[in-house]
Amino acid sequence: MDIYLTNTLTKKKDIFKPLKEKEVSMYSCGPTVYKDATIGNMRTNIFQDVLRRMLEYNGYKVKQVMNITDVGHLVSDGDEGEDKMVKSAKEEHKTPKEIAEHYTKLFFDDLKDLNIEMPEIICKATDYIQEMLEYVEKLVEKGYAYETSTAIYFDVSKLDEYGILSGINLEEQKSGARIEVDPEKKNPYDFALWIKAPENHLMKWDSPWGPSYPGWHIECSAMSRKHLGEEFDIHTGGIDLIPTHHENEIAQSKGLTGKIPARYWIHGEYLLIDGGKMSKSLGNVYLLKDIKEKGYDPLVYKLFCYTASYRNKLNFTWEGIESTSKALERMRIGYKTHKNGTDKIEAQDKENLKQIEENFHKAINDDMNMTLAVSYVWEAIKYPKKLKEVSELLEKMDTVLGIEINKEINSNKQENMEQDIPEEIKDLIEQRQKAREEKNWQESDRIRDLIKEKGYLVKDTKEGMKIEKG
Ligand code: AMP
Ligand code: ZN
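Residues numbered from 1 in each chain as written. Chains lettered and ligands numbered in written order. Predicted model: local features only at pLDDT ≥ 70, side-chain atom pairs only at ≥ 80, totals over all residues. Heavy atoms only, no water.

A.B. asks: Even after reading the chapter, I still don't get the coordination of the zinc ion (ligand 2), so can you show me in this structure?
C.D. replies: When a metal carries six donors in an octahedron, the ideal angles between them are 90 or 180 degrees, while four donors in a tetrahedron ideally lie at 109.5 degrees. Surrounding the zinc ion (ligand 2) are the protein donor atoms C29 (SG), C220 (SG) and H245 (NE2), at 2.0 to 2.2 Å. The sequence motif formed by the donor residues of the zinc ion (ligand 2) is C-x190-C-x24-H. Taken as a pair, C220 in helix α6 (residues 216–228) and H245 in helix α7 (residues 242–257) lie far apart in primary sequence, 25 residues in all. Here C220 falls in the buried class, since its relative accessible area comes to 0%. (Donors = N, O, S within 2.8 Å, 3.2 Å for Na, K, Ca; no water. Helix = DSSP H or I, 4+ residues; strand = E, 2+ residues; numbered from the N terminus. Buried < 20%, exposed > 50% of the residue type's maximum accessible area, 1.4 Å probe, protein only.)

This is the structure we're talking about:
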C-alpha cells in the first residue's frame with residue numbers, strides 16, 4: 001500500500017519512495033539538553049515515533065538517528081546571546097556536562113514513559129567535534145564560509161538558492177528589512193558555523209581559528225552525514241526549525257556536496273496551552289511529570305496527541321486529558337473483553353475485520369491520519385461479537401499507536417465496566433461524560449434519564465462514575 005507524506009520541501013503530499021527498497025533512513029533533530037522537556041517537545045517526539053512505527057507497519061526497517069545538542073545552541077536562533085548549555089550551567093551551579101547528563105536522562109525517561117521507540121543511533125554533539133571541524137574547514141576551502149572577529153560564517157549568497165524550505169526571498173532581505181546584530185556579516189542570513197570562544201568560556205576546542213566551539217546547525221549536518229551519508233530519506237523536527245535550523249542544514253550540505261541531504265522533510269506543529277504558547281511567565285509550562293502526578297497514565301497524553309493531525313496545532317486542556325483517560329481505559333477493557341471472547345469466528349467476521357484493518361492501514365499511510373486511524377480502533381473494539389481475533393487486530397494496530405492497549409487494568413474499574421454493558425449504553429455514558437465536562441448539566445441529566453429508561457442506573461460517586469443494572 002502506498003504511503004503519502006506532506007513534504008515541507010515540495011509543499012505537497014508526496015508519495016513516499018525510499019532510496020533503498022526495504023530500509024528507511026531518517027534523521028530527527030533531538031533536544032538541546034539544558035532544561036526539562038515539556039509536553040510540547042514530547043508532541044514532536046510522539047509524531048516522530050508514529051512516523052517510524054507506521055513505516056515499520058509497512059515492513060520497512062528503520063534506521064533513525066537522533067542528536068543530543070549539548071553545545072553550540074545559542075539563546076537566540078539567530079546566532080545571538082549565550083550558549084544555552086553554558087547559561088544553564090551557570091544558573092544551576094553545575095558544569096555543562098552535568099547539566100547535559102541530567103537533562104538527557106530525564107528526556108530518555110519521558111521517551112520510555114511514552115513508549116517511544118528509541119532511535120537506532122543517538123549521537124551527542126560533543127562526541128563529533130572532529131567531524132564538524134572537518135566539515136567547516138571544507139566549506140571554508142570551497143569558498144562558502146568566511147572568518148570574522150567572532151565566528152566563521154556561512155555565506156548564503158554563494159549558493160544559487162537559499163531558503164527553499166521556508167521561501168525566504170534574499171533580494172527582499174538585502175533591501176534592509178532586518179536589523180543587523182553583527183556588522184561583520186556579509187548577508188543578513190549568514191549564520192555561524194563555528195564560534196570563537198570568549199575568554200573563560202566553559203566549552204571550547206582547539207581549531208585553526210583558536211579556542212572555539214561549533215554552531216548548532218553544523219552539528220546535525222556533520223552527524224547525519226556521518227551516520228546516514230550524504231543523502232538519506234527523511235528529516236524530521238518541529239515546525240520552528242524550518243526557517244533557521246533546517247534551512248541552514250540544507251545550505252551546509254549544498255555547499256559541501258551540492259545536494260539537499262534529505263528527500264522528505266516532515267515537520268510537526270506546536271502544542272498550545274489554553275489556546276496560546278506555553279510560557280514560564282504565564283505559569284503554564286507542563287511536563288509529562290505533571291500529567292503523571294495527577295494520576296494519569298502517561299500514555300493518555302500520547303493518545304491525546306492523536307486527536308489532531310501532527311500538522312495542525314493541538315490545544316492541551318486537562319478536560320481533554322480526563323476524557324482521553326476514560327477512552328484509553330475503555331480501549332483496554334474492550335481489548336480484554338475480546339481477548340477472553342468465546343464467540344466463534346465466521347467467514348463474514350473475517351471479511352469485516354480485514355476491512356477494518358485495511359481502513360486503519362490506509363489512514364496511517366495517508367500522512368499519518370491518526371484521528372481516522374483511532375476511529376477504526378473503536379470500530380474493532382465495538383465489534384458486536386467477542387472474538388480473540390479482534391484482540392489480535394488491536395494488538396497489531398497498537399504497534400503503531402504504542403498505547404499499550406493490552407495493559408492490565410485496575411480490576412475495580414474493570415468490574416464496573418465489564419458487566420456486559422451494551423455498546424449503546426456505553427456510548428450514552430460517554431456522551432453524558434462529555435456533557436458534564438462541558439458543564440451542560442441539563443444534557444447530562446437528560447442522558448442519565450435515557451440510560452435509566454434503558455434499564456441502567458448511573459451513580460456519580462467520589463471514586464468516579466458507577467453504572468449498575470437498574
Ligand atoms: P525548545 O527546547 O523549546 O527549544 O524546543 C525543542 C524542540 O521541541 C523545538 O525545536 C520544537 O521543534 C519542539 N517544540 C518546542 N515546543 C513545542 C510545542 N509547544 N509543541 C510542539 N513542539 C515543540
Ligand atoms: Zn538538528
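That covers the picture; the talk isn't over yet.
A.B. asks: Could you clarify how one ought to interpret the site of ligand 1 in this entry?
C.D. replies: Within the structure, ligand 1 sits among K35, G40, N41, T44, K84, G238, D240, L241, E269, Y270, L271 and M278. Taking N41, its side chain carries an N or O atom lying 2.8 Å from an oxygen atom of ligand 1. Measuring from an oxygen atom of ligand 1, one finds a backbone N or O atom of G238 at 3.3 Å. Considering ligand 1 on its own, with 470 Å² of exposed area, one finds that the protein chains cover 81% of that surface. Top contributing element to the shell around ligand 1 by residue count: helix α1 (residues 39–57), with 3 residues. Taken together, the residues of the shell around ligand 1 sort by class into 4 nonpolar, 4 polar and 4 charged. (Near = heavy atom within 4 Å. Polar contact = N/O pair within 3.5 Å; in protein donor to acceptor, adjacent residues only side chain to side chain. Areas by Shrake-Rupley, 256 points an atom, 1.4 Å probe, with all protein chains shown as cover. Nonpolar A, V, L, I, M, F, W, Y, C, P; charged D, E, K, R; others polar.)

A.B. asks: It is not clear to me how the side chain of R52 should be interpreted in this structure. Could you clarify?
C.D. replies: Here R52 is to be found in helix α1. Polar side-chain contacts of R52 include one of 2.9 Å to the side chain of E120. Contact partners of R52, with chain neighbours within four places excluded, come to M26, V62, Q64, E117, M118, P119 and E120. (Contact = heavy atoms within 4.5 Å.)

A.B. asks: Just checking my understanding: could you explain the environment of M26 for this structure?
C.D. replies: Among the structural elements, M26 can be located in strand β3 (residues 23–28). For M26, a relative accessible area of 0% puts it in the buried group. M26 sits 172 residues away from P198 along the chain, and the two C-alpha atoms are 36 Å apart.

A.B. asks: How do you make sense of the domain arrangement of the chain when you look at a structure like this?
C.D. replies: It is common to give the size of an interface as the accessible area lost on bringing the parts into contact. By the assigned domains, the chain splits into domain 1 (4–268) and domain 2 (318–418). Listed as interface residues are 13 residues of domain 1 and, on the opposing side, 16 residues of domain 2. For the pair domain 1 and domain 2, the summed buried area comes to about 1,300 Å², and 54% of that belongs to carbon and sulfur atoms. For the pair domain 1 and domain 2, the interface holds 1 salt bridge. The closest approach of N and O atoms between D366 and K13, which form a salt bridge, is 2.6 Å. Scanning the region where domain 1 abuts domain 2 turns up 9 residue pairs in polar contact (both at pLDDT 80 or more). For the side of domain 1 that touches domain 2, the elements supplying multiple residues, two or more each, are β1 (4–7) and α1. Taken together, the residues that form the side of domain 1 that touches domain 2 break down as 8 nonpolar, 3 polar and 2 charged. (Domains from an automatic or database assignment. Buried area = accessible area lost by both parts, 1.4 Å probe. Salt bridge = Lys/Arg side-chain N within 4 Å of Asp/Glu carboxyl O.)

A.B. asks: How should the packing of aromatic side chains be read in this particular structure?
C.D. replies: The description of an aromatic ring pair rests on the distance of the ring centres and on the angle between the ring planes. Applying the stated criterion across every chain yields a total of 17 aromatic pairs. With 5.5 Å between their ring centres and 45° between their planes, Y286 and F316 make a pair best called tilted. One end of the pair, Y286, is in the loop between β14 (271–273) and α8 (288–293); the other, F316, is in strand β15 (residues 314–316), with 30 residues separating them in the sequence. A residue is classified by how much of its surface remains accessible, and F316, at 1% relative accessible area, is buried. What links up through ring pairs into an aromatic cluster is the set Y286, Y296, Y301, F304, F316 and W318. For the cation-ring pair, K186 lies above Y146, with the distance from its terminal atom to the ring centre recorded as 4.4 Å. (Phe/Tyr/Trp six-rings, centres within 6.5 Å; stacked < 30°, edge-to-face > 60°. Lys NZ or Arg CZ within 6 Å of the ring centre and 35° of its normal.)

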